[in-house]
Amino acid sequence: MTTAPTSPVPDAGPAPRWTRDRWLATADDLLRATEPYASPGRALLALPGPVSASGAWSDGLEGFARTFLLAAFRVRGQDGDDPDGLLERYAEGLRNGTEPTGPERWPRIDERRQAVVEAASVAVGLAETRPWLWDRLDHDVQDRVVAWLAGVVGTSGYRNNWVWFQNVIEAFLASVGGPWNQGDLDRNEELAEGLYVGDGWYSDGRGRDGRRQSFDWYAGWAWHLYPVLHARIEGRPLAERHAQRLRAYLEQAQHLVGPGGAPLLQGRSVTYRFAVLAPFWAGALAGATPLSPGATGTLTSAVAGHFFEHGSMDEHGLLPVGWHGRFDRLRQLYSGGASPYWASKGFAGLLLPPDHPVWTAPDDVPAPWRQEHVVPLRGPGWLVVGTPSDGIVRVLNHGSDRLLEPAAQAHADDPFYRRLGYANVVSPQLAPTDMVAPSDSHVALLDDAGRPSHRDGIERVHLGDRVAVSRSRVHWLDVPGSGTDGDHAGWAAARRGPVVTTASVVRGPLEVRLAWWTPAPPAGPAAPPPGADLDADVAWPADPGPWTFRMGGWPLAAGSDGDLEADASDDAGEAHPAAAAQVTRPDGTTSALRGVRGLDRGAVSRRTGADPLGAASAVPALAGSAPAGPGEVVAALVVLTGQAASVDLEAVEAVVPVPGREVVEVRWRDGVVDVVPYGRAGDLTGAVTGGPASGGGAA
């Protein structure tokens, strides 16, 4: 099922702060709505929606564990007050779920790997409610729970945020006299430290080449939340190392939420929705946040309000797979009908007592909501552009790719990680055709049949104050029906391409997007040494070209196709001084491109059922009519705005490569010149600043 009722109007500013009573009432509403889906013994919660790759049995455990986490936060926050009798219901589920021969028994950890994730929620929930639940369980039930949780002890192979699941489970086991293994904790510590990249950011695993470039909301709702929960289980303050990293992360993460509460839509598992609030609550719980109590209350209220006002709860009061309404294409294969209830983490603030300053302090506004800003986030390799006047946050991605596929495997551009642009009011396009032929927020070389290339692993070149540059070896994906037979008997084949370099130069809502291609490095030997990875240049043929460039702009969604006004023109001399393409919604939100160099054809493509924010969507794009030679720079002005009338689409005078200097100059009509590194890798730590032509910075 794939539905998206209406598109959101960009939020201009935050709604009134939620009171603690409203958070409690919302938690109660969510829990009451799930009650009809519990099994007779309450051990399994079979919520409606798609079945995950782990199967319905595992999904039933997931429903129990994730709603139990919400119940635990709610009861612990009220010091045991439990008017709905939640803990007795979950106690019954514990009795039946851990009965080894019972009809509602839970899958063991050695039977379903996903059980590790859910066991962590069970452990946290038991720790938080210990006086009212665990301590009142019969001893035989306690023993069975310990035996079930202990299935994680001594296991290994965790390579991302899962190390923390094992940590919190074993911490709880240790607290109740169960088994645990110091070797597990030491190994997890080493793995976690190896994934920390600085500024509060963790890469959620390593890519195929060992690089740490997997960045998304897991940095907050896993890597920073679980150290706080772990410390609570052990009854100690958060370690200073983790406190410092949490502060650093929140200093940056606050830039990823718009003033109306819409957070960045990027990365996997975004169906968890307001789980993005978990690290903000963690910062308040640990006293490790740069936000004032009033700003924490304002931001968390705005995010919760955004989702509930845009249909995240369905007509039954449930959280379906999706972002706003139900949209199954947003899910990953591990996601089932109960998966969205990791949103329970967004209620961790209920652990703060009623007299905590987050609830009592005067209103305050997070710093990024006060003025327009451009902020480089060096950990993930992002350039963040925020314009509070229209509530839009844009991320220009020059460093995150989550590249897991083997080099010799035919694979598509991952829409959640390898698009050039992400924002809080638009979504990657997710129809099957968009997987095969990406266009939105994507720079592609078109082959002789007009098929677009795919972006592979991202090599960082430069990240400055307003300029970011990266490159990627591109390839073309050939699938049945694409018009290319290929020479592979499987479902897909690939053709290797050159290296495409992309650059972003920003001034407020304006971005000048540049691109050029250079030949790929020479291929390796036809017969790689024993034990070496198969060279992809041997596995797949090279596309001979010639190629033309295409730049896809920001996608826009609406409730119906008629709500999207589209316009496109080609460069035809004086009549049309520059190619352009534009999509506008009735609320004024506009996605536009204007050709600056080498892109002389405008077009808008429409689709249905591709976007979780609306039933209809459209993507503007510009392309060149003539093949681009090696090193030839193309450029366009790219805009996403909620205030089109105030945006100057004539702001760029020219984009000019400077011979002998290995730079490209972006010349603005007001005299500012930005300098883009060209032809070689630049310095990631060096800032490129804009200024008058005589004083412009150079990489």
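All values reported here derive from a predicted model rather than from experimental measurement. All residue numbers refer to position in the chain's written sequence, counted from 1. Local features in a predicted model are, by the rule used here, given only for residues with pLDDT of at least 70; side-chain atom pairs are given and counted only at 80 or more, and totals for whole chains, interfaces and linings are based on all residues. Side-chain numbers come from the whole structure's heavy atoms, not from hydrogens or water.

1. Remarks on the overall build of the chain
Strands are runs of DSSP state E lasting at least 2 residues, helices are runs of H or I lasting at least 4, and numbering of each runs from the N terminus. Along its length, the chain carries 15 helices and 24 strands. Our radius of gyration is a C-alpha quantity, and the globule rule it is checked against amounts to 2.2 Å times the number of residues to the power 0.38. Over its C-alpha atoms the chain spans a radius of gyration of 26 Å, differing by no more than 12% from the 27 Å that the globule rule assigns to 699 residues. Overall, the chain is about 80 × 65 × 45 Å in size when its C-alpha atoms are taken along their principal axes. Long-range pairs, those at least 24 residues apart, make up 68% of the contacts in the chain with a sequence separation of at least 6. When the accessible surface of the chain is summed, it comes to about 24400 Å², and 52% of that surface belongs to carbon and sulfur atoms. The positive charge centre, built from 61 side chains, and the negative charge centre, built from 83, are 2 Å apart in the chain. Whether two residues touch is decided by their heavy atoms; if any such pair falls within 4.5 Å, the residues are in contact. Computed with the Shrake-Rupley method and a 1.4 Å probe, the accessible areas treat only the protein chains shown as cover for residues. Charged-residue counts in this description rest on Lys and Arg as positive and Asp and Glu as negative, His and the chain ends being excluded. One atom stands in for each charge, and that atom is NZ of Lys, CZ of Arg, CG of Asp or CD of Glu.

2. Digging into the sheet that holds strand β6 (residues 421-423)
Taken together, the four strands give an open sheet; going across it, the order is β3-β4-β5-β6, and neighbouring strands pair in antiparallel fashion. Both outer strands of the open sheet, β3 (373-377) and β6, are each paired with one neighbouring strand and no more. Put simply, the sheet's adjacent strands are angled 20° from each other on average, direction ignored. At least two bridges found by DSSP between two strands are what make those strands a pair. As defined by bridge partners, strand β4 (residues 382-387) adjoins strand β5 (residues 392-397) across six bridges and the pair is classed as antiparallel. Bridge pairing links L383 to L396 in β5. Simply put, an axis is a line fit to the C-alpha atoms, just over the touching stretch for a helix, and the angle between two N-to-C directions goes from 0 to 180 degrees.

3. Looking at the confidence of the model for the chain
For any part of a model where pLDDT is low, the fine detail of the predicted coordinates should not be relied upon. For every residue, the predictor reports its confidence as pLDDT, a number between 0 and 100. Model confidence for the chain is summarised by a mean pLDDT of 92, while 91% of its residues fall at 70 or above. Low confidence marks residues 2-9, where pLDDT is under 50. Its contacts with residues over four positions away, or in another chain, come to 34 contacts. Throughout residues 681-699 the model reports pLDDT below 50, and contacts reaching past four residues in sequence, or to other chains, amount to 48 contacts.

4. Section: the packing of aromatic side chains
Put simply, two rings from Phe, Tyr or Trp (the six-membered ring, in Trp's case) pair if the centres are within 6.5 Å, and we call them stacked under 30 degrees between planes, edge-to-face over 60, tilted for the rest. Per the counting criterion, the structure on display carries 31 aromatic pairs. Ring plane angle 80° and centroid distance 4.9 Å describe the contact between F307 and W323, whose orientation is recorded as edge-to-face. One end of the pair, F307, is in helix α12 (residues 293-309); the other, W323, is in the loop between α12 and α13 (357-360), and 16 residues separate them in sequence. Joined through ring pairs, the aromatic side chains of W18, W23, F274, W281, F307, F308, W323, F347 and W359 make up one cluster. A cation over a ring is seen here: R245 above Y196, with NZ or CZ 3.8 Å from the ring centre. Across the ring face of Y218, the terminal group of R268 is positioned such that the distance to the ring centre comes to 4.1 Å. Only when the NZ atom of a Lys or the CZ atom of an Arg is both within 6 Å of the ring centre and within 35 degrees of the ring normal do we say a charge sits over the ring.

5. Section: unusual backbone geometry
The peptide bond linking G545 to P546 adopts the cis configuration, its omega dihedral lying at 0°. One non-glycine residue, R42, adopts positive backbone phi at about 65°. Mapped onto the elements of the fold, R42 is located in the loop between α1 (20-34) and α2 (56-77). The phi dihedral of S269 falls on the positive side, at around 65°, and the residue is not glycine. Along the polypeptide, S269 turns up in the loop between α10 (240-253) and α11 (278-286). Classification of S269 by relative accessible area gives buried; the value is 1%. Relative accessibility thresholds used throughout: buried, under 20% of the residue-type maximum; exposed, over 50%; partly exposed, between the two (1.4 Å probe, protein chains only).

6. Describing the nonpolar core
With 132 residues, the main nonpolar core has W23, L94, L126, W221, L256 and W382 as its most contacted residues. With ten residues, helix α4 (residues 115-128) is the largest single contributor of residues to this core. Here the nonpolar core consists of buried residues drawn from Ala, Val, Leu, Ile, Met, Phe, Trp, Tyr and Cys, with membership extended through side-chain atoms lying within 4.5 Å. Formed by 38 residues, the second largest nonpolar core is a distinct cluster that contains V426, V474, V506 and A515.

7. Focus on the side chain of T590
Take T590: it is sitting in strand β17 (residues 590-597). Distance and chemistry together define a polar contact, namely a pair of N or O atoms within 3.5 Å, with one atom able to donate a hydrogen and the other to accept it when in protein, and with adjacent residues in sequence counting only for side-chain atoms on both sides. At 3.0 Å, the side chain of T590 forms a polar contact with the backbone oxygen of G588.

8. Some thoughts on the packing of helix α6 (residues 162-175) against helix α7 (residues 182-194)
Closest axis-to-axis distance for the α6/α7 pair is 10 Å, and the angle between their directions is 145°. The interaxial crossing formed by α6 with α7 has left-handed handedness. Each of V163, Q166, N167 and E170 in α6 lies in contact with α7, whose residues at this interface are D184, L185, R187, N188 and L191. In this classification, Asp, Glu, Lys and Arg are treated as charged, Ala, Val, Leu, Ile, Met, Phe, Trp, Tyr, Cys and Pro as nonpolar, and every other residue, Gly included, as polar. Among the residues forming the contact of α6 with α7, the class breakdown is three nonpolar, three polar and three charged. Left-handed describes a crossing whose near helix is turned anticlockwise from the far helix through less than a right angle; right-handed describes the clockwise counterpart.

9. Digging into the packing of α2 against helix α3 (residues 86-97)
Running from N to C, α2 and α3 cross one another at 145°; their axes reach a closest spacing of 10 Å. The way α2 lies across α3 gives a crossing that is left-handed. Residues F64, T67, F68, A71, R74 and V75 of α2 lie in contact with α3, whose contacting residues are L86, L87, Y90, G93 and L94. Of the residues assigned to the contact of α2 with α3, the class counts are eight nonpolar, two polar and one charged.

10. Focus: the environment of V664
Residue placement: V664 occurs in strand β22 (residues 663-668). On the basis of relative accessible area, V664 is assigned to the buried category, the value being 0%. Separated by 13 residues in the primary sequence, V664 and P677 place their C-alpha atoms 6.6 Å from one another. Excluding residues within four positions of it along the chain, V664 makes contact with L514, V633, V655, V656, P657, D674, V675, V676 and Y678.

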